[in-house]
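These are the residues of each chain, in order.
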Amino acid sequence: MSVVSAAVVVIGGALSLPAVAQARTAAAPALPAVPVVHAVPADQPPFPYADCISAAKKKGETASYAKWHCDELVKKGWVKPPKR
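Note that this is a predicted model, so its numbers are computed, not measured.

A word on the packing of aromatic side chains. This structure, assessed with the given rule, holds one aromatic pair. Aromatic pair Tyr65 and Trp68: ring centres 5.4 Å apart, planes at 35°, arrangement tilted. Here Tyr65 and its partner Trp68 are both found in helix α4 (residues 63–76), three residues apart, which amounts to about one turn of the helix. Residue classification places Tyr65 among the partly exposed residues on the basis of a relative accessible area of 42%. Relative accessible area serves as the criterion here: at 44%, Trp68 is assigned to the partly exposed category.

Okay, here's the thing in structure tokens:
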């Protein structure tokens, strides 16, 4: 038997797998149950629908085209849907 395989046998006998598994679960700290809230800055999507309409009108779009344009951006997730 080689030195490496003899060492594996000795270490393997000293550390059984169930003991290693119990040691890992016992050492794992319990994390507190805190809800994660992701705040989106105002300068990142999704933007408010009213802001989209006003920006489209400033660009010279007609009212109907601005509504269509903003509705398409709602589908893509760039603009929040309007509150109706």
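Turning our eyes to something else, we now look at the state of the cysteines. Per the stated rule, a full pass over the model turns up one disulfide. Note that Cys52 is cross-linked by a disulfide to Cys70, the S-S spacing being 2.0 Å. What sets the handedness of the Cys52 and Cys70 disulfide is the S-S torsion sign, and at about -100° it is left-handed. On the criterion of sequence distance, the pair formed by Cys52 in helix α3 (residues 49–58) and Cys70 in helix α4 is long-range, its members being 18 residues apart. Note on Cys52: relative accessible area 11%, which makes it buried. Given the relative accessible area of 0%, Cys70 is considered buried.

Right, let's get into α4. With 14 residues, α4 extends 20 Å between its outermost C-alpha atoms, agreeing within 8% with the 20 Å of an ideal straight helix rising 1.5 Å per residue. Gly77, located one to two residues past α4, shows a positive phi value of around 90°.

Further remarks concern the side chain of Glu61. Tracing the sequence through the fold places Glu61 in the loop between α3 and α4. Summary of buried charges: Glu61 has no salt-bridge partner, and the nearest side chain of opposite charge, Lys59, is 7.9 Å away. In terms of polar contacts, Glu61 uses its side chain to reach the side chain of His69, at 3.0 Å.

Per the stated rule, a full pass over the model turns up two salt bridges. Asp71 is the salt-bridge partner of Lys67, the closest N and O atoms lying 2.8 Å from each other. Within this pair, Lys67 and its partner Asp71 are both found in helix α4, separated by four residues, close to a single helical turn. Residue classification places Lys67 among the partly exposed positions, given a relative accessible area of 40%.

Conventions we followed
- Counting from 1, residues in each chain are numbered in the order their sequence is written.
- Totals for whole chains, interfaces and linings use every residue, but because this is a predicted model, local features are given only for residues with pLDDT of at least 70 and side-chain atom pairs only at 80 or more, for both listing and counting.
- The side-chain values count all of the structure's non-hydrogen atoms but skip hydrogen atoms and water molecules.
- When two rings of Phe, Tyr or Trp (its six-membered ring) have centres within 6.5 Å they constitute a pair, described as stacked for plane angles under 30 degrees, edge-to-face for angles over 60, and tilted for the intermediate range.
- Secondary structure follows DSSP: runs of H or I at least 4 residues long count as helices, runs of E at least 2 residues long count as strands, and numbering of each begins at the N terminus.
- In this scheme, a residue with accessible area under 20% of its type's maximum is buried, one over 50% is exposed, and one in between is partly exposed, where area comes from a 1.4 Å probe on protein chains only.
- The term disulfide is used for any two cysteine sulfur atoms that are within 2.5 Å.
- Multiply 1.5 Å by the residue count of a helix minus one, and that product is the helix's expected span.
- Charge counting follows a simple rule: Lys and Arg are positive, Asp and Glu are negative, and His as well as the terminal groups are ignored.
- By salt bridge we mean one thing: a side-chain nitrogen of Lys or Arg within 4 Å of a carboxyl oxygen of Asp or Glu.
- Pairs of N or O atoms within 3.5 Å make up the polar contacts considered here, provided that, within protein, one atom can donate a hydrogen while the other can accept it, and that residues adjacent in sequence are counted only when both atoms are side-chain atoms.

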